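The lines below spell out each chain.
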Amino acid sequence: MSMAVMTIVMGGMASAIFLASRGVDPASPVAGVVESGRVAEQMAGELACAVGFTEWSATVVEFQVPDRGVDGVPETIRYAWSGTAGDPLTRRYNGGTIVEVVEDVQEFALSYETITTAWEEGEPTENESAETLLFSFDTTAHVKDFEIEWNKWPGEFFQPSLPGDAISWKVTRLKFLAKLGGPDNGLTLVQLRLPEAGDLPGGTVLEEHTMYESSLGSGYAWQEFFFDNVSGLAPDEGLCLVLEHVNDDVSAVVRYQNEDAATPNAAMLQTDNAGSSWTASTDQALDLYVWGTVTTLGEPDPLPTTYRLGAVNIRLGPGPRR
């Protein structure tokens, strides 16, 4: 906390200082008032230099002032009163000996004026969902085989339907139906690409995996692939799954619906010239599931209210001089 203003409230202080300038008999009843004024003035000066507080109450204050030595470590000062009339006000410096600075104290009260800074809100938070199903198409109606050959590749454009507060999404895994296309030495690349005009596959491959025909059976089975690097996609952005032939006459066979698919925000993709050009059909669709996560913009985290110490009021009333 920083010290901005120091206020001393103590009855008779002005007259005490006036008398002190003319000399006061140490045995005089006002001598205690003068001494208390000197201590309060010293305390006020030290508090005005405070750079931090570790304890503060009506009868105790412990604070740090800038380094007065050569070690670069702030000095710690502590003033304390028991709260019992007649007990002394004490001062302790850097954990050393406790010194009585006013012997007989009838009243000692500290009050603090704080300046509050409350922020309305912090930065908005980004909340990533648990893995969720982003897109699916699975049917047994009008199904047909697509044989993946050197020049004939299938694919699927899809764009998930996201919440209105979504700011991005990513793919974690997908699966589609595939089976052997003959000898089991074929290889197929399973790619996720960014689309270009017309939602057709572009040249940017975000991530790809190899599907080995030797892992396929003679009947259709779901082939699952996991993705780590397909993230940060805009809410209005779709993706293109491309199954690219690598070798063998037929590297694999996948299943699709040949007509009346009518899948929103999706279309089956086909090329017959090894990807030089593509066509898209909204009446057709691969059997496909895609999972991922969705990031939404949440409510801002409230920033903590901060407090600065603006003033310390000191009341110090000594007892009669003995």
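Keep in mind that what you see is a predicted model, and the values were worked out from it rather than measured.

> Can you help me understand the sheet that holds strand β3 (residues 60-65) in this one?
Across a sheet, strands are paired by hydrogen bonds formed along the backbone, either parallel or antiparallel in direction. Taken in spatial order, the 5 strands line up as β2-β3-β4-β5-β6 in an open sheet, and their pairing is antiparallel. Lying at the two open borders of the sheet, with one neighbouring strand each, are β2 (52-56) and β6 (98-102). Each neighbouring strand pair of the sheet contributes to a mean axis angle of 20°, computed without reference to strand direction. In the sheet, β3 pairs with strand β4 (residues 75-81) via 6 bridges, with the strands oriented antiparallel. Within β4, the position partnered with Val61 by the bridge is Tyr79.

> In this structure, what is going on with the sheet that holds strand β14 (residues 201-212)? I would like to understand it.
On the basis of which strands lie adjacent, the open sheet formed by 6 strands has the order β14-β13-β16-β11-β18-β19 and antiparallel pairing. Strands with a single pairing partner mark the edges of an open sheet, and in this sheet they are β14 and β19 (279-281). Each adjacent strand pair in this sheet contributes to an overall mean axis angle of 25°, direction not counted. Of the strand pairs in this sheet, strand β11 (residues 153-158) and strand β18 (residues 266-271) are connected by 6 bridges, and their pairing is antiparallel. Counterpart to Phe157 in the pairing with β18 is Ala267.

> Please clarify how the nonpolar core should be interpreted in this entry.
Core analysis: the biggest nonpolar cluster contains 35 residues, and Phe158, Leu174, Phe176, Val190, Leu192 and Leu241 have the highest contact counts within it. For this core, the element with the most residues is strand β12 (residues 166-179), which contributes 6 residues. In this structure Val190 touches Leu174, Phe176, Glu207, Glu208, His209, Met211, Phe225, Phe227, Leu241, Val242 and Leu243, once residues within four positions along its chain are discounted. Grouped together as the second largest cluster of nonpolar side chains are 23 residues, Ala40, Val101, Val102 and Leu316 included.

Reading the values: the criteria
Residues numbered from 1 in each chain as written. Predicted model: local features only at pLDDT ≥ 70, side-chain atom pairs only at ≥ 80, totals over all residues. Heavy atoms only, no water. Pairing = 2+ DSSP bridges. Helix = DSSP H or I, 4+ residues; strand = E, 2+ residues; numbered from the N terminus. Axes fitted to C-alpha atoms, helices over the stretch in contact; angles between N-to-C directions. Core = buried A, V, L, I, M, F, W, Y, C linked by side-chain atoms within 4.5 Å. Buried < 20%, exposed > 50% of the residue type's maximum accessible area, 1.4 Å probe, protein only. Contact = heavy atoms within 4.5 Å.

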